[in-house]
Every structure is written in C-alpha cells, then in structure tokens.
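These are the residues of each chain, in order.
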Amino acid sequence: VQTLDFLNLAMSGEWQLLFSTNIGGPPRSNFRLRELYQQVEPNNLNGTIVNKATWDLAEDHDGKNPATSFDAFGTFSIKCTYSINQGARMSLDLDDHIINLKKGSVVPKDVERLVALLHRAIPTELFDPNDHIMDTTYLDGDLRIVRMAGPKFEGVRDIFIRRGSLEINPMS
C-alpha cells in the first residue's frame, strides 16, 4: 500500500475476524457468538470502524446442561473513529457500544450480564480499542493481519478475511 487512495480502497468494506491472539475465557453454554466482523469506512486520513458481533442468548438457561433454546438474539456494535498517521498506522477512539435486538427476540432480563458475556466473548482490543493503534499488513486483497500497539494490547494480532470472499459458516 503506497498511496492514501490505495490504502482507503484496500481497507474499505467488511472484514470477518478469523483469529485473535487475545481470545477471552471459555465458552458459555447459554451464550453464543455467531459472527464478529469489522466494517471499515475510510474518509481520506480519517474514518470509522464498526466492530459488529451477532449473538444468541438462552435467557432462562440454568447453566448446568447445554442450552437447547435461544430466545434472545441480536447484534452488538462497537463504533470507533480512526485517524491515519505515520504511513498506514491507525489511531483508534471508541465512540459507542450499541445493542440491537433482532425481530422476534425477547428482551434480556439482565442487560449488564449480556454485556459481560459479550465482553468475555469478543477480543478485548475490539471491544474497547480506545487509545490504541493498528498496524495492518495485507497478504492479498482479501486477507489482512492487524497488529495492535498501545498500553494494553501491545503485540496482539488479529487475522481478518474480507467478508463474502470465502463462505464461512460457524454453525455447521
């Protein structure tokens, strides 16, 4: 990536997270993270990144046996702005966290518990990227590796694939 126009073209679009060196705790039987992707919208030296997680929650699950019925589901969006400095280095600032329930979902009784489950399931650098820097290496037009730098996530690596370039079904 040699020019700003080419960088903006390369990074724009939706990127599905394939791997992170910063995965949280063990999975929960009453909660599943279906998909996690980044939506990147460049605007010259600035832009927005929205990390979007699709999730399901078994609201009345006792935690002793695997959940068979998930009744709350939706998306969790982490909205950020970025600015580019030092070549292609992106400085991130967190703007907002937003929960959207899908049509037909029950409203979770304990929203703080839901946010805690999301926090545990989403790599921390994507949940709260405030005051951190991303260095990105493009392996080709559809695959990129992001190295985080900053006070909490120095050296964390995330691998993304351009959403739709390869069919990935985490539920099969």
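This text follows the structure it describes.
No experiment lies behind these values; they were computed from the predicted model shown. Just so you know, the residues in each chain are numbered from 1, in the order the chain's sequence is written. Since the coordinates come from a predicted model, pLDDT governs what is reported: local features require at least 70, and pairs of side-chain atoms require 80 or more to be given and counted, while whole-chain, interface and lining totals use all residues. To obtain the side-chain values, all non-hydrogen atoms of the structure were included, while hydrogens and water were left out.

Q: Which parts of the structure should I look at to understand the overall build of the chain?
A: Along the backbone of the chain there are three helices and eight strands. Runs of H or I in DSSP of at least four residues are treated as helices and runs of E of at least two as strands, each being numbered from the N terminus. The helix and strand sequence of the chain, counted from the amino end, reads α-β-β-β-β-β-α-α-β-β-β. Per-residue burial for the chain yields a buried fraction of 39% across its 172 residues. Partitioning the contacts of the chain with sequence separation of at least 6, the portion at a separation of at least 24 is 60%. Each residue gets one of three labels from its accessible area relative to the maximum for its type: buried under 20%, exposed over 50%, partly exposed in between, using a 1.4 Å probe on protein chains only. Should any heavy atoms of two residues lie within 4.5 Å, those residues are counted as being in contact.

Q: How do you make sense of helix α1 (residues 4-11) when you look at a structure like this?
A: In an α-helix, one turn spans 3.6 residues, which is why side chains three or four residues apart end up on the same side. Considered for burial, the residues of α1 that qualify are Leu 7, Asn 8, Ala 10 and Met 11. Along the axis of α1, the buried residues cluster in a sector spanning 165 degrees; they form a single face. Among the exposed residues of α1, those oriented more than 90 degrees off its buried face are Asp 5 and Leu 9. Buried residues along α1 sit against β1 (13-20), β2 (31-43), β4 (72-85), β5 (89-101), β6 (132-140) and β8 (157-162). The arc in question is the one spanned by the directions pointing from the helix axis to the C-beta atoms.

Q: Could you clarify how one ought to interpret the packing of aromatic side chains in this entry?
A: In this description, an aromatic ring pair is defined by two values, namely the gap between the centres and the angle between the planes. Pairing of aromatic rings covers Phe, Tyr and Trp, the last through its six-membered ring, and needs centres within 6.5 Å; plane angles under 30 degrees mean stacked, over 60 mean edge-to-face, and all others mean tilted. Within the structure shown, the criterion is met by two aromatic pairs. Considering the side-chain rings of Phe 76 and Phe 127, the 5.5 Å spacing of their centres and the 15 degrees angle between planes classify their relative orientation as stacked. Of this pair, Phe 76 sits in strand β4 while Phe 127 sits in helix α3 (residues 124-127), and the two are 51 residues apart along the sequence. The same class applies to Phe 76 and to Phe 127, which are both buried.

Q: Explain the sheet that holds β4 to me, please; I cannot follow it from the model alone.
A: Sheet strands pair via backbone hydrogen bonds, and the direction of the pair is either parallel or antiparallel. What the eight strands build is a closed barrel, ordered β1-β2-β3-β4-β5-β6-β7-β8; its pairing is antiparallel. Across this sheet, the average inter-strand angle for adjacent strands is 35 degrees, counted without regard to direction. We treat two strands as partners when DSSP finds at least two bridges between them. Sheet topology places β2 next to strand β3 (residues 46-57); twelve bridges connect them, and they run antiparallel. Bridging across to β3, Tyr 37 finds its partner in Lys 52. An axis is simply a line fitted to the C-alpha atoms; with a helix, the fit covers only the stretch in contact. Between two such axes, the angle follows the N-to-C directions and lies from 0 to 180 degrees. Packing against the sheet, α1 makes contact with β1, β2, β4, β5, β6 and β8, and its axis sits at approximately 170 degrees to β4.

Q: So what exactly am I meant to see when it comes to the pairing of β1 here?
A: Along any regular strand, the residues point their side chains to alternate faces of the sheet. Here four bridges tie β1 to β2, and the two strands are oriented antiparallel to one another. Within the sheet, the bridge partner assigned to Gly 13 lies in β2 and is Val 40. As paired elements, β1 and β8 share five bridges and run antiparallel to each other. Bridge pairing in β8 places Phe 19 opposite Ile 159.

Q: Sorry, what's going on with the side chain of Arg 144 here?
A: Secondary-structure assignment places Arg 144 in strand β7 (residues 143-149). Put simply, Arg 144 is tucked away with no salt bridge, and the nearest opposite charge, on Asp 158, sits 8.2 Å away. N or O atoms within 3.5 Å of each other form a polar contact, as long as, within protein, one can give a hydrogen and the other can take it, and as long as residues adjacent in sequence are counted only when both atoms are side-chain atoms. For Arg 144, the side chain forms a polar contact with the side chain of Gln 38, separated by 2.4 Å. Here Arg 144 is in contact with Trp 15, Gln 38, Val 40, Met 134, Thr 136, Thr 137, Tyr 138, Leu 139, Asp 158, Ile 159 and Phe 160, once residues within four sequence places are set aside. For the charge count, each Lys or Arg is scored as positive and each Asp or Glu as negative, with His and the chain ends excluded. Any Lys or Arg side-chain nitrogen located within 4 Å of an Asp or Glu carboxyl oxygen qualifies as a salt bridge.

Q: Where do I start with the pattern of salt bridges in this structure?
A: Where side chains of opposite charge bring their charged atoms close, a pairing between them can arise. One pass over the full model with this rule turns up nine salt bridges. For the salt bridge of Asp 56 with Arg 34, the shortest nitrogen-to-oxygen distance reads 2.4 Å. Linking Asp 56 in strand β3 with Arg 34 in strand β2, this pair joins segments that are 22 residues apart in sequence. Taking the relative accessible area as the measure of exposure, Asp 56 reaches 5% and is therefore buried. Between Arg 89 and Asp 135 there is a salt bridge, with its nearest N and O atoms 2.7 Å apart. On the criterion of sequence distance, the pair formed by Arg 89 in strand β5 and Asp 135 in strand β6 is long-range, its members being 46 residues apart.

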